[in-house]
Amino acid sequence: MNQRLDWVDIAKGASIFLVVIYHTSFYLHANDAIPDAVIKVNLILAYFRMPTFFLISGILAARATRLPWGNLFANMIATLIWLLLLWTLIRYAFFGLVIDNVILPIEGHDPSLLLYSLINPSTGLWFIWALAIFCALTKMVFLLPRPMVLGALGIAAVLATLAYAKIVSFENFAFNNLCQYFFFFLLGASRQEDIKALLTERAWQKAGLTAAAFLGIFAITRVDPDRLRPLLGFGLALSGCAFALSLSVIVSGNRLASSVLKYLGANTLPVYVLHVLAIALMSHWIAQMGMSKMFNAALVPAVAVIAVLVSLAIRALVRRAGVVGLYELPRRVVAHLAPLATKPSP
């Protein structure tokens, strides 16, 4: 694997681990087991994790979104829809039969969550839903003349700015996230070669410049965080994402760190769909132990690592058992979609 692909997987692996850290913190906090300060740190990390995650997802989906509609649906969108429906059901059963979801207490008890999962998701699986929508929207953009693709990217940037500023806002967080993050996905899908070329040289200088930009914008928001942080949120997300990408190129030169993050980056799906279940259980157990909140805060990275390892171990056991369909389309569905995927472009 060349260095360019290395940093792509490293960035994706780091992003998914920050997502796991985020959920670990929120479940421990919801169980009144850690201080509020941990949540505040996680809210700052949001400017790094999700913009980077979606930009990398766009880079990896660039080829698929240029295929004919039938191929795109059969090769990608159908899988995302299947995973969303299946894991929504699995989560519903888990939180209905094993433990209550302290973040979303109705999960496992209100069937409307199942009915609306494709149009109004309210769980952590919203990311899969968003990916399916972003793939379809990006395909539509790529049908436009080339100069108009840049215009669409500009419109997406304006929408992201308005969404971060809460000028465009929805009751459901998933729709707000669509508005905030589509720009990053489209940027990765439409300008992936430019991004890769830009990051191959002088990574340390670029990391320093983007870190300075982020810190400078963040310092401005400290004057009036409630008002200025939303208004400058898109700038924070852009600089945060650029720093994360530059840092990923730097990390690619470290054999140990890069090997761990590359493996995680190449195996994000089983972690994403399963880690919350492990975190919900561990957070409940930790809260029941009655230890100090500061001590529990120190456990956040350990709980996150265990959740990742459990998710990967379960996927390995599923593969060894020969079970197909938990992380991909069932073979019968693939067979039915095969003619669609091979249809020529109109």
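Since this is a predicted model, take the numbers as computed values, not measurements.

## Quick notes on the packing of helix H6 (residues 146-164) against helix H7 (residues 173-190)
And step 1. Direction vectors running N to C along H6 and H7 enclose 150°, while the axes themselves pass 8 Å from each other. Taken together, the axes of H6 and H7 lie roughly antiparallel to each other. Taken as a pair, H6 and H7 cross one another with a handedness that is left-handed. From H6, Val-149, Ala-152, Leu-153, Ala-156, Ala-157, Leu-159, Ala-160, Ala-163 and Tyr-164 reach across to H7, where they touch Asn-176, Cys-179, Gln-180, Tyr-181, Phe-182, Phe-183, Phe-184, Leu-186, Leu-187 and Ser-190.
And step 2. Counted by class, the contact of H6 with H7 contains 16 nonpolar, three polar and no charged residues.

## Focus on the pattern of salt bridges
And step 1. All told, the structure shown has five salt bridges when counted by the stated rule.
And step 2. Asp-32 is the partner of Lys-293 in a salt bridge, and the nearest nitrogen-oxygen pair spans 2.8 Å. Placement of Lys-293 in helix H14 (residues 293-298) and of Asp-32 in the loop between helix H1 (3-30) and helix H2 (36-61) is noted, with a sequence separation of 261 residues between them.
And step 3. Accessibility expressed as a relative area gives 37% for Lys-293, which makes it partly exposed.
And step 4. The partner of Arg-191 in a salt bridge is Asp-194, with the nearest N and O atoms 2.6 Å apart.
And step 5. Since its relative accessible area comes to 42%, Asp-194 is described here as partly exposed.

## Structural notes on the packing of aromatic side chains
And step 1. Counting across every chain of the model gives 26 aromatic pairs.
And step 2. For the pair Phe-183 and Phe-234, a centre-to-centre distance of 5.3 Å together with 80° between the ring planes defines the contact as edge-to-face. In this pair, Phe-183 sits in helix H7 while Phe-234 sits in helix H11 (residues 233-251), placing the two residues 51 residues apart along the sequence.
And step 3. You can call Phe-234 buried: its relative accessible area is 10%.
And step 4. Here the aromatic cluster, defined as three or more aromatic residues joined through ring pairs, consists of Phe-53, Phe-54, Trp-126, Phe-127, Phe-134, Phe-173, Tyr-181, Phe-182, Phe-185 and Tyr-272.

What counts as what
Residues numbered from 1 in each chain as written. Predicted model: local features only at pLDDT ≥ 70, side-chain atom pairs only at ≥ 80, totals over all residues. Heavy atoms only, no water. Axes fitted to C-alpha atoms, helices over the stretch in contact; angles between N-to-C directions. Helix = DSSP H or I, 4+ residues; strand = E, 2+ residues; numbered from the N terminus. Parallel < 35°, antiparallel > 145°, perpendicular 65-115°, else oblique. Left-handed = near helix turned anticlockwise from the far one by under 90°. Contact = heavy atoms within 4.5 Å. Nonpolar A, V, L, I, M, F, W, Y, C, P; charged D, E, K, R; others polar. Salt bridge = Lys/Arg side-chain N within 4 Å of Asp/Glu carboxyl O. Buried < 20%, exposed > 50% of the residue type's maximum accessible area, 1.4 Å probe, protein only. Phe/Tyr/Trp six-rings, centres within 6.5 Å; stacked < 30°, edge-to-face > 60°.

These figures come from the coordinates and say nothing about function on their own.
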